[in-house]
Amino acid sequence: MSTPTLKQNPTHAGSTIVGIGAYRPSVIVTNEDVCQWIDSSDEWIQQRTGIITRHRAPREVSVVDMAVDAGAEAIKNAGIEPSQIGAVLVSTVSHPYATPSAAALIADKIGANPAPAYDISAACAGYCYGVAQADALVRSGVADYVLVIGAEKLSDVIDNHERTISFLLGDGAGAVVIGPSDEPGISPAVWGSDGSKWDTIGMTSSLLDVRDFSEQAMKSDGVELAAASEAHAALWPTLRQDGQTVFRWAVWEMAKMAKKALEVAGITADDLGAFVPHQANMRIIDELAKQLKLPEHVIIGRDIADAGNTSAASIPLATHRLLAENPELSGKLSLQIGFGAGLVFGAQVVRLP
Ligand SMILES: CC(C)(COP(=O)(O)OP(=O)(O)OC[C@H]1O[C@@H](n2cnc3c(N)ncnc32)[C@H](O)[C@@H]1OP(=O)(O)O)[C@@H](O)C(=O)NCCC(=O)NCCS
């Protein structure tokens, strides 16, 4: 008896972004506010990073709440019903549960239940990873419409008094809906990782440290309650980085990846309408733009001045702002590149909705 051929989904020639949404939290933290916590100045922060403010969500607003708002706007903007969403991908490093995922809850709240839903842990490259996966899912016919969200409540995982990264970070969410198209609207991703630099950005402690501490505290009699709870609180994981190493890697290695993304898309910088790199530092953005030799007409995402570094949310937030301020960019090509903790990176050219 011959083995039957398995049926496959009908495929699509291309995929493209059909809708975009954003959520910016209400609390604005100025450089003066930051300088109450660390030895710094408004002038230093502006000169060395380009950041003027960052937004932070109040305690009662969760990363899921922000993601739902951004996702709902993207679905509305795409002109489709939530029930048409065939997969929900959420890039985040600040959802405070290892399991269950933020994505499953977001899919339900947004009206996309029972779509497959999962989180992506690729830090500041997470959004570009999500776009790469959504493009593959749509083209292979696995889903007609995929919701990709980058959402972060980084204020939950920072220590305001540390000076290497906390002053850079903000909260927010950005989302896109990716759907089928006759022409490719998303180029192949140039993406990868370099785990040899795993230690350059990351958390100060892990769940294993908390477990070891609890076991230790239970064994030792007479541990003072106040001292024990203080030590326990200090185990709350917060972010740290070796800023200079990340800076050099971002400027040299990411410029090469951004050029490669143009190459695999089969275009040159002249064909771009916009350049939206991860919003990590204005000096990195300027240096990348210089190395790419971007012509005058290319509009550069500089959301960092207002929003700070929002990790996975930074590229969709910056893109959302660019489109609101420059509606003529609609339909034009944008080069986007995300990079960060892992270390990981992802870049591709997308047609703007
Ligand atoms: C973090 C960052 C802004 C620091 O800027 P930098 O120019 O590299 O600063 P350096 O670490 O070389 O320190 C230079 C001086 O500034 C001081 N400094 C460092 N951080 C400071 C701060 N927050 N406020 C004021 N001064 C600071 C240092 O003490 C040092 O002083 P010294 O010359 O008297 O010793 C920068 O390295 C950066 O943006 N790195 C990459 C960030 C990034 O992309 N991270 C996440 C990836 S998603």
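Anyway, here's the lowdown on the structure attached to this text. Computed from a predicted model, the values in this text were never measured in an experiment. (Residues numbered from 1 in each chain as written. Predicted model: local features only at pLDDT ≥ 70, side-chain atom pairs only at ≥ 80, totals over all residues. Heavy atoms only, no water.)

**Looking at the nonpolar core**
Within soluble globular proteins, side chains that are nonpolar tend to cluster in buried spots.
Next up, step 1: Residues Leu272, Phe275, Leu294, Leu335 and Phe339 are the most contacted members of the largest nonpolar core, which totals 48 residues.
Next up, step 2: Looking at this core, the elements that each hand over two or more residues are α8 (243-265), β11 (272-277), α9 (282-291), β13 (333-340) and β14 (344-351).
Next up, step 3: At ten residues, the largest contribution of residues to this core is made by α8. (Core = buried A, V, L, I, M, F, W, Y, C linked by side-chain atoms within 4.5 Å. Buried < 20%, exposed > 50% of the residue type's maximum accessible area, 1.4 Å probe, protein only. Helix = DSSP H or I, 4+ residues; strand = E, 2+ residues; numbered from the N terminus.)

**Concerning the sheet that holds strand β4 (residues 85-91)**
Next up, step 1: Read across the sheet, five strands follow the order β1-β7-β6-β4-β5 without closing on themselves; strand pairing throughout is mixed. With one partner strand each, in any of the chains shown, β1 (14-23) and β5 (117-120) form the two edges of the open sheet. In this sheet, adjacent strand axes meet at a mean angle of 20° when their direction is disregarded.
Next up, step 2: When β4 meets β5, the two strands line up parallel, connected through four bridges. Note that in β5 the partner of Ser91 across the bridge is Ile120.
Next up, step 3: Across the face of the sheet, helix α11 (residues 314-325) comes into contact with β1 and β7 (171-181) while running at roughly 90° to β1. (Pairing = 2+ DSSP bridges. Axes fitted to C-alpha atoms, helices over the stretch in contact; angles between N-to-C directions. Contact = heavy atoms within 4.5 Å.)

**Observations regarding the site of the ligand**
Next up, step 1: Surrounding the ligand, one finds 24 residues, the nearest of these being Ser40, Arg48, Gln241, Gln244 and Asn281.
Next up, step 2: Note that a nitrogen atom of the ligand is positioned 2.8 Å from one of the side-chain N or O atoms of Gln241.
Next up, step 3: Contact distances for the ligand include 3.1 Å between an oxygen atom and a side-chain N or O atom of Arg283.
Next up, step 4: In the complex, 72% of the free accessible area of the ligand, which totals 940 Å², lies under the protein chains.
Next up, step 5: Counting residues per element, the ones that place at least two in the shell around the ligand are α2 (42-49), α8, α9 and β13.
Next up, step 6: Take the shell around the ligand: its biggest share by element is four residues, from α8.
Next up, step 7: Among the residues making up the shell around the ligand, the classes are represented as ten nonpolar, ten polar and four charged.
Next up, step 8: Three or more residues apiece are contributed to the shell around the ligand by two domains, here domain 1 (14-181) and domain 2 (190-199 + 241-351). (Near = heavy atom within 4 Å. Polar contact = N/O pair within 3.5 Å; in protein donor to acceptor, adjacent residues only side chain to side chain. Areas by Shrake-Rupley, 256 points an atom, 1.4 Å probe, with all protein chains shown as cover. Nonpolar A, V, L, I, M, F, W, Y, C, P; charged D, E, K, R; others polar. Domains from an automatic or database assignment.)

**Regarding the pattern of salt bridges**
Next up, step 1: One pass over the structure, following the stated rule, counts 14 salt bridges.
Next up, step 2: For Asp156, the salt bridge goes to Lys153, with nearest N and O atoms at 4.0 Å.
Next up, step 3: Classification of Lys153 as buried rests on a relative accessible area of 4%.
Next up, step 4: Through salt bridges with shared partners, a single ionic network connects Arg24, Asp303, Asp306, Arg321 and Glu325. (Salt bridge = Lys/Arg side-chain N within 4 Å of Asp/Glu carboxyl O.)

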